[in-house]
Amino acid sequence: MAPVSSAEYYARMALFVLLNVWSAVGVIAWSLPVLPLRFVRVPSVHAFQSQVRQVQAAYISFLLMLTAVCMPGSRLIVTGDWDRMKSSAKQVILSNHQIYPDWFFLFIFARFRQCHADVKVILINILSRLPLFGQGMWFFEFIFMKQRFDKDKVNMAHHLLTSKRDPHPLWLLIFPEGTLNTPGNIEKSKAYAKKVCKHHCILPKSTGLFFCLDTLYPCVQDLFDLTVGYSGLDGTQVPYDRYLVDRVFFGREYPREIHIHVQRVDPEKLPGFTVDDGVDARRRQEEVQETADAKTRFEEWLRGVWFAKDERMARFYKSGSMVDPISEAEVASRKKEILISPLWEDWISVIILFAGGFWLPRLYISAVTLLVGWAVSK
């Protein structure tokens, strides 16, 4: 595709920023009326969550629509156990993290699995300070971390136990690498790994994932490992360099295919989480916490997953497929191509979201003005 002109580049940037700000205002405007319910009794908290779930679903529908406009003709190529992901369940999702638009594509994947109302993400704390967007993510009950587990543990436990108790499903997204695989981070990862070098992924950190699974047990019955890869690359290129945000959304230099391989893992078969017959859940959880080497064995398992993920990425860059040729025929029937394009219900949700972003702030300002005028007249 021919490069865009400077005029088109800045026009696309302005539209991108305008729509994102408008959508963030819509999120806050639709969430504010139910905010008091978050701080009272449990049934009211559930009413608050029900409203915010609808707002979150509309926002992710907006991200789908925005991506379809900025990346026309792009597709998700999904393989593996994607069809075992249920919209009614509490589940944990882990994925490699290569470029900032990863968020868009994984949210869109959640949308097509009907899980987009229940997405929760673990993020660095600085993002909570973004004007409008930070407040929107707070309404969505995303988990903000200072990247110091001794300081984050209490906050994580609060959010996870809340998700564990509430009646709604959960789609908790975690990036165990903790950062993007930029060239500098890749070199640090290789130095840390010493003899075992990673080429396409960064060595993961296991502490947060172990804590999430242990806290959510036994409500979470499914752990899904996602491997994400992008077309248009040859194995020697770093996705972070090739697909920067401005190139993807403003410069029309985007991947035509986003490949997502899904592998389901039974949490009860993980090292440190194995359940023996006759052992009840409470006793099992106590044993996990008291086992000295449980976290070490879990860390070894997670590294093994990431080594396999790195090999899968190498296979993808070589052959264009993340599936082993031996099992290609077996999974061919479960391969699915999803055109990134909004459905009619997405259009309705986004129109309502933007209408609220336009009219509700005016309504709130008018109401406050009337109240202030009434108070002054008294």
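Refer to the structure presented above.
Let me begin by describing the structure that accompanies this report.

About the criteria used
- Residues numbered from 1 in each chain as written.
- Predicted model: local features only at pLDDT ≥ 70, side-chain atom pairs only at ≥ 80, totals over all residues.
- Heavy atoms only, no water.
- Axes fitted to C-alpha atoms, helices over the stretch in contact; angles between N-to-C directions.
- Helix = DSSP H or I, 4+ residues; strand = E, 2+ residues; numbered from the N terminus.
- Left-handed = near helix turned anticlockwise from the far one by under 90°.
- Contact = heavy atoms within 4.5 Å.
- Patch = residues over 30% accessible without salt bridge, like charges linked within 9 Å, V, L, I, M, F, W, Y side chains within 5 Å.
- Areas by Shrake-Rupley, 256 points an atom, 1.4 Å probe, with all protein chains shown as cover.
- Salt bridge = Lys/Arg side-chain N within 4 Å of Asp/Glu carboxyl O.
- Phe/Tyr/Trp six-rings, centres within 6.5 Å; stacked < 30°, edge-to-face > 60°.
- Buried < 20%, exposed > 50% of the residue type's maximum accessible area, 1.4 Å probe, protein only.
- Lys NZ or Arg CZ within 6 Å of the ring centre and 35° of its normal.

Attention now goes to the packing of helix α5 (residues 149–165) against helix α7 (residues 207–216). Running from amino to carboxyl end, α5 crosses α7 at an angle of 35°, the nearest separation of the two axes being 10 Å. Once α5 is placed against α7, the crossing between them reads as right-handed. Seen from α5, the contacting residues are Phe149, Lys153, Met156, Ala157, Leu160, Leu161 and Lys164; seen from α7, they are Thr207, Gly208, Phe211, Cys212, Thr215 and Leu216.

The next thing to look at is a nonpolar patch on the surface. There is a patch of nonpolar side chains on the surface, built from Leu343, Trp344, Ile348 and Ile352 and spanning about 420 Å² of accessible area. Within the fold, Ile352 resides in helix α13 (residues 344–377).

Moving on to the packing of aromatic side chains. The full count for this structure, using the stated rule, is 23 aromatic pairs. Geometrically, the ring pair formed by Phe104 and Phe249 is tilted, given 4.9 Å between the ring centres and 45° between the ring planes. Taken together, the residues Phe104 in helix α3 (residues 102–112) and Phe249 in helix α9 (residues 245–249) connect sequence positions 145 residues apart. One exposure class covers both Phe104 and Phe249, and it is buried. With a centroid separation of 5.3 Å and an interplanar angle of 70°, the aromatic rings of Trp138 and Phe139 are classed as edge-to-face. The class for Phe139 is buried, based on a relative accessible area of 5%. In this structure an aromatic cluster arises from ring pairing among Trp22, Tyr59, Phe62, Phe140, Phe142, Phe354, Phe358 and Trp359. The positively charged end of Arg111 is found above the aromatic ring belonging to Phe112, 5.7 Å away from the centroid.

The subject of this paragraph is the side chain of Asp225. Along the chain, the position of Asp225 falls in strand β6 (residues 222–230). A relative accessible area of 4% places Asp225 in the buried class. Other than its neighbours up to four places away in sequence, Asp225 contacts Leu94, His261, Val262, Gln263, Val305, Trp306 and Lys309.

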